Amino acid sequence: MKILKRNGSEAEFDSNKIFTAISKANESPENKQKISKSDIQAITTIVGRECGCLNHTVTVEEVQDMVENALIDRGFGHLMKVYADYRAERSLRRNENTTDAQMISLLAGKNEEMNTEN
């Protein structure tokens, strides 16, 4: 099974990444109610099965949405909130980095579109 990464490339689906992401959220200081490793493994398995049932290459965003839904379905809304907050923070940082790179390109005179305009 394949997953479509944010950069547009495809990679083999790796359920260990789901387990690691949930574990990091679980160990976060913001999470006051820890869950067991067996619960994390169960959610990882659920998400992996869901991905396998789809008839297309899943995206990272789809997998993350499935993780959030599985956390809620299992009664771990507190952990879903921590996971979602981290996800939102990472998204902002990715966009921030993209904007920073674009600004640096403009200031350095290396933006092709600006150089060819007028």
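Use the structure listed above.
Residues numbered from 1 in each chain as written. Predicted model: local features only at pLDDT ≥ 70, side-chain atom pairs only at ≥ 80, totals over all residues. Heavy atoms only, no water.

This next bit is on the packing of helix α1 (residues 15-27) against helix α2 (residues 37-53). Orientation of α1 relative to α2, taken along the N-to-C sense of each, is 140 degrees, at an axis distance of 9 Å. As judged from the angle between their axes, α1 and α2 are oblique. Viewed along their axes, α1 and α2 form a crossing whose handedness is right-handed. In contact with S15, I18, F19, I22, S23 and N26 of α1, α2 contributes K37, I40, Q41, I43, T44 and V47. Its residues placed into classes, the contact of α1 with α2 shows six nonpolar, five polar and one charged. (Axes fitted to C-alpha atoms, helices over the stretch in contact; angles between N-to-C directions. Helix = DSSP H or I, 4+ residues; strand = E, 2+ residues; numbered from the N terminus. Parallel < 35°, antiparallel > 145°, perpendicular 65-115°, else oblique. Left-handed = near helix turned anticlockwise from the far one by under 90°. Contact = heavy atoms within 4.5 Å. Nonpolar A, V, L, I, M, F, W, Y, C, P; charged D, E, K, R; others polar.)

Along its 13 residues, α1 runs 19 Å from first to last C-alpha, staying within 8% of the 18 Å computed at 1.5 Å per residue. Among all positions in α1, only I18, I22, S23, A25 and N26 are buried. One side of α1 holds all its buried residues, which, seen down the axis, span an arc of 160 degrees. Structural note: α1 exposes N16, K17, K24 and E27 on the side pointing more than 90 degrees away from its buried face. (Expected span 1.5 Å × (residues − 1). Buried < 20%, exposed > 50% of the residue type's maximum accessible area, 1.4 Å probe, protein only. Arc of directions from axis to C-beta.)

What follows covers the packing of α2 against helix α3 (residues 60-73). Running from N to C, α2 and α3 point in directions that differ by 130 degrees, and their axes come no closer than 9 Å. Classified by the angle between their axes, α2 and α3 sit oblique to one another. Here the hand of the crossing between α2 and α3 comes out right-handed. For the pair α2 and α3, contact is made by I43, I46, V47, E50 and C51 and by V63, M66, V67, A70 and L71, respectively. Looking at the contact of α2 with α3 residue by residue, the class counts come to nine nonpolar, no polar and one charged.

Sheet architecture is open: three strands sit in the order β2-β1-β3, paired in mixed fashion. Of all the strands in the sheet, just β2 (10-12) and β3 (58-59) have a single pairing partner and so form its edges. Pairing between strand β1 (residues 2-4) and β2: three bridges, direction antiparallel. Its bridge partner being in β2, L4 is matched across the sheet by E10. (Pairing = 2+ DSSP bridges.)

Mapping R87 onto the fold places it in helix α4 (residues 77-107). A relative accessible area of 14% means that R87 is categorised as buried.

If you walk through the whole model with that rule in mind, you get eight salt bridges. Between K2 and E12 there is a salt bridge, with its nearest N and O atoms 3.0 Å apart. Of this pair, K2 sits in strand β1 while E12 sits in strand β2, placing them ten residues apart in sequence. On the basis of relative accessible area, K2 is assigned to the partly exposed category, the value being 36%. A salt bridge links R87 to D65; the shortest N-O distance between them is 2.7 Å. Taken together, the residues span a long stretch of sequence, with R87 in helix α4 and D65 in helix α3 at a distance of 22 residues. For D65, a relative accessible area of 37% translates into the label partly exposed. Taken together, the salt bridges that share partners define one network made up of R6, E61, D65, E68 and R87. (Salt bridge = Lys/Arg side-chain N within 4 Å of Asp/Glu carboxyl O.)

Worth remembering: the numbers are spatial, not functional.
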